[in-house]
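Structural overview for review
Single-letter residue listing:
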Amino acid sequence: MQDAADDLIRVMIVDDIAETRENIRKLLQFEPDIEVVGAARSGQEALEMARETEPDIVLMDINMPDMDGITATEAIKRDVRFAQIVILSVQAEADYLRKAMRAGASDFIAKPPSGDELIGTIRSLAVEAKRSKGEQKILEGTGPLPPIVGPGRIGPEGKLIAVYSAKGGVGCTIIATNLAVGLDTADTPTVLVDTALQFGDVAVCLNLQSKNSFVDLSSRIDELEVDIVDEVLLQHDSGLRVLAAPPRPEMADEINANQVRTILQYLKNHFAYVVVDTGSTMDDITLTVLDLADLLVSVATPEIPAIKDARLLFDLLSVLEFPKEDTMFVLNKMDRRSGITASAIAENLKCTVDGEIPFDERTVTTSVNRGIPFLIADKGQPAAKGMLEVLGAVKQRLVERAEAGTEERETERPRLFSRA
Ligand SMILES: Nc1ncnc2c1ncn2[C@@H]1O[C@H](COP(=O)(O)OP(=O)(O)OP(=O)(O)O)[C@@H](O)[C@H]1O
Ligand SMILES: [Mg+2]
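Predicted model only: the values in this text are computed from it and were never measured.

1. Considerations on the pairing of strand 6 (residues 159–164)
Across the 6 residues that make up strand 6, a large majority, 6, are buried. Residue alternation in strand 6 divides its side chains into two sets, Lys 159, Ile 161 and Val 163 and Leu 160, Ala 162 and Tyr 164, and both sets are buried. Both strand 6 and strand 10 (residues 273–277) contribute to a ladder of 5 bridges, which runs parallel. Across the sheet, Lys 159 pairs through a bridge with Tyr 273, a residue of strand 10.

Here it is as structure tokens:
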């Protein structure tokens, strides 16, 4: 329906005040790449209009008579997933921002907006909208998506994605965190689990302060049920649920591999995706994670020691009979100055590189210090662009594996680590 105008950024305005709608329209009218495809007076009208016009960007007021902007944001994100929603409001309080973020809003602009800020935000978010639209088409075209379940419901088993590197410091935590945020939607609730039990730093990277951790579940392993798990899981402002590593390293001794297995299995039964940030040691805990993993994202940096460790890992996976089709290889901190290219690494390791994330200290450090994954806060930055490609590749692989008949494979795969 929109082929001819595919390059134009389709913008929808939602505000109950006619004058505001008109003012925003005027700010955008001379931009050759922007097309206002509709203006709605209420949340309800916005939802109907969004379904019909499929906008790339929705400029959303918060306070409106029938359906408020936050509820409308949530509803639109469910139906038109690629639409990027910008909240325009005079209320810049943290509580509103948090609610808007949880509902799926991508950005916030204070009212009245300046033309430059509005247009700049629209253009930068449009990149994500167009990419996500393209990806949705690919996913729609490649058959059924992997099973979908929600917290509190027993459904088809979710997919466990382990992020691992034998070498420390290569970026597993950064990648696992952003991957989890990218996979977490209303339809595909996702939990991020930190099995680097001694020095795990997932909670710190997400600025989550609670002491709740793995220990609170492992100590009640025989009574895992929705209420208990729900209480122990932390929640990031984005809505992502997190099972944190214990707050002190010595507490890791209280957790054994069988408990980890039971907890991960429970989470697989209750979430669409379980993303696990593993520790670097190949111990019985990591082997348990691998045993339950539907996909392994192995990470390396363009440095000889990291490449050597990746080779050792691939050798080990082959001994363990971990399927090659379930393994992905991502290069992080790519930098032309290192002198080692992705193709040289691929050739050396005789494997495919499934994604590359550039060295981008500013974006990554800011993101960690703010506790907001860069996939949410800095989508236009180099690290985020690389990460979006990794996310797309992971989704694509999950679709392919689902098509290939996961059930059949699961019964065939030998156990890496026997149940005690
Ligand atoms: N693409 C990148 N560009 C620049 N710096 C990065 C990038 N990715 C990660 N870093 C930095 O590298 C460091 C290690 O990242 P991270 O904690 O994610 O690695 P890890 O593999 O989980 O390490 P650990 O072995 O300690 O668990 C962090 O300081 C992070 O800010
Ligand atoms: Mg880590």
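2. Some thoughts on the side chain of Asp 378
Its location among the elements puts Asp 378 in the loop between helix 15 (374–377) and helix 16 (382–403). Owing to a relative accessible area of 17%, Asp 378 belongs among the buried residues under this scheme. In this view, Asp 378 contacts Thr 363, Arg 370 and Ala 384; residues no more than four positions away in its chain are not counted.

3. Regarding the packing of helix 12 (residues 304–319) against helix 13 (residues 342–349)
Contact pair helix 12 / helix 13: the axes reach a minimum separation of 10 Å and the direction vectors enclose 40°. Judged by the twist between their axes, the crossing of helix 12 over helix 13 is right-handed. Between helix 12 and helix 13, the contacting residues are Ile 307, Ala 310, Arg 311 and Phe 314 on the first element and Ile 345, Asn 348 and Leu 349 on the second. Of the residues contributing to the contact of helix 12 with helix 13, the split by class is 5 nonpolar, 1 polar and 1 charged.

4. Describing the side chain of Ser 298
With respect to the helices and strands, the residue Ser 298 is situated in strand 11 (residues 295–300). If near-sequence neighbours (up to four positions away) are discounted, Ser 298 is found in contact with Tyr 164, Leu 313, Phe 314, Thr 327, Met 328, Phe 329 and Val 330.

5. Looking at the nonpolar core
In this structure, Leu 179 and Leu 267 are the most contacted members of the largest nonpolar core, which totals 86 residues. With sequence-adjacent residues up to four places away left out, Leu 179 is seen in contact with Ile 161, Val 163, Val 275, Val 297, Met 387, Leu 391 and Val 394. Counting 24 residues, the second-largest nonpolar core is a separate cluster that includes Ala 40, Met 49, Val 58 and Ala 103.

6. Notes on the environment of Ile 376
Along the chain, Ile 376 turns up in helix 15. The sequence separation of Ile 376 and Gly 104 amounts to 272 residues, and the corresponding C-alpha distance is 9.9 Å. The contacts of Ile 376, once residues within four sequence positions are left out, are Met 101, Val 181, His 236 and Ser 238.

7. Observations regarding the environment of Leu 8
If you trace the backbone, Leu 8 turns up in the segment before strand 1 (9–14). Residue classification places Leu 8 among the partly exposed positions, given a relative accessible area of 27%. Between the C-alpha atom of Leu 8 and that of Ala 126, which follows or precedes it by 118 residues, the distance is 9.4 Å.

8. Digging into the sheet that holds strand 6
Strands sit in the order 8-9-7-10-6-11-12-13 across an open sheet of 8 strands; the sheet is mixed. In this open sheet, the two edge strands, each paired with only one partner strand, are strand 8 (234–235) and strand 13 (355–358). Relative to the sheet, helix 10 (residues 257–270) contacts strand 6, strand 7 (190–194), strand 9 (241–243) and strand 10, its axis offset from that of strand 10 by approximately 145°. Lying on the sheet, helix 12 is in contact with strand 6, strand 11 and strand 12 (327–334); it crosses strand 11 at an angle near 155°.

9. Description of the packing of aromatic side chains
The way to describe two aromatic rings as a pair is by their centre distance and the angle between their planes. Using the criterion set out here, one finds 1 aromatic pair in the structure. A ring pair is formed by Phe 314 and Phe 329, whose centres lie 5.4 Å apart and whose planes are at 80°; its orientation type is edge-to-face. With Phe 314 in helix 12 and Phe 329 in strand 12, this residue pair connects regions lying 15 residues apart in the sequence. Look at Phe 314 and you get buried, because its relative accessible area is 18%. Overall, Phe 329 belongs to the buried group, its relative accessible area being 2%.

10. Quick notes on the site of ligand 1
Around ligand 1, the structure places 16 residues, and the nearest of them are Gly 169, Thr 173, Ile 174, Lys 333 and Asp 360. Gly 171 places a main-chain nitrogen or oxygen 2.9 Å from an oxygen atom of ligand 1. A distance of 2.9 Å separates an oxygen atom of ligand 1 from a polar backbone atom of Cys 172. Computed on the free molecule, ligand 1 has an accessible area of 630 Å², of which 74% lies beneath the protein chains in the complex. Listing elements by their share of the shell around ligand 1, those giving two or more residues are helix 6 (172–183), strand 12, strand 13 and helix 14 (361–370). At 3 residues, the largest contribution of residues to the shell around ligand 1 is made by helix 6. A per-class count over the shell around ligand 1 returns 7 nonpolar, 6 polar and 3 charged.

Conventions we followed
Residues numbered from 1 in each chain as written. Chains lettered and ligands numbered in written order. Predicted model: local features only at pLDDT ≥ 70, side-chain atom pairs only at ≥ 80, totals over all residues. Heavy atoms only, no water. Buried < 20%, exposed > 50% of the residue type's maximum accessible area, 1.4 Å probe, protein only. Helix = DSSP H or I, 4+ residues; strand = E, 2+ residues; numbered from the N terminus. Pairing = 2+ DSSP bridges. Contact = heavy atoms within 4.5 Å. Axes fitted to C-alpha atoms, helices over the stretch in contact; angles between N-to-C directions. Left-handed = near helix turned anticlockwise from the far one by under 90°. Nonpolar A, V, L, I, M, F, W, Y, C, P; charged D, E, K, R; others polar. Core = buried A, V, L, I, M, F, W, Y, C linked by side-chain atoms within 4.5 Å. Phe/Tyr/Trp six-rings, centres within 6.5 Å; stacked < 30°, edge-to-face > 60°. Near = heavy atom within 4 Å. Polar contact = N/O pair within 3.5 Å; in protein donor to acceptor, adjacent residues only side chain to side chain. Areas by Shrake-Rupley, 256 points an atom, 1.4 Å probe, with all protein chains shown as cover.

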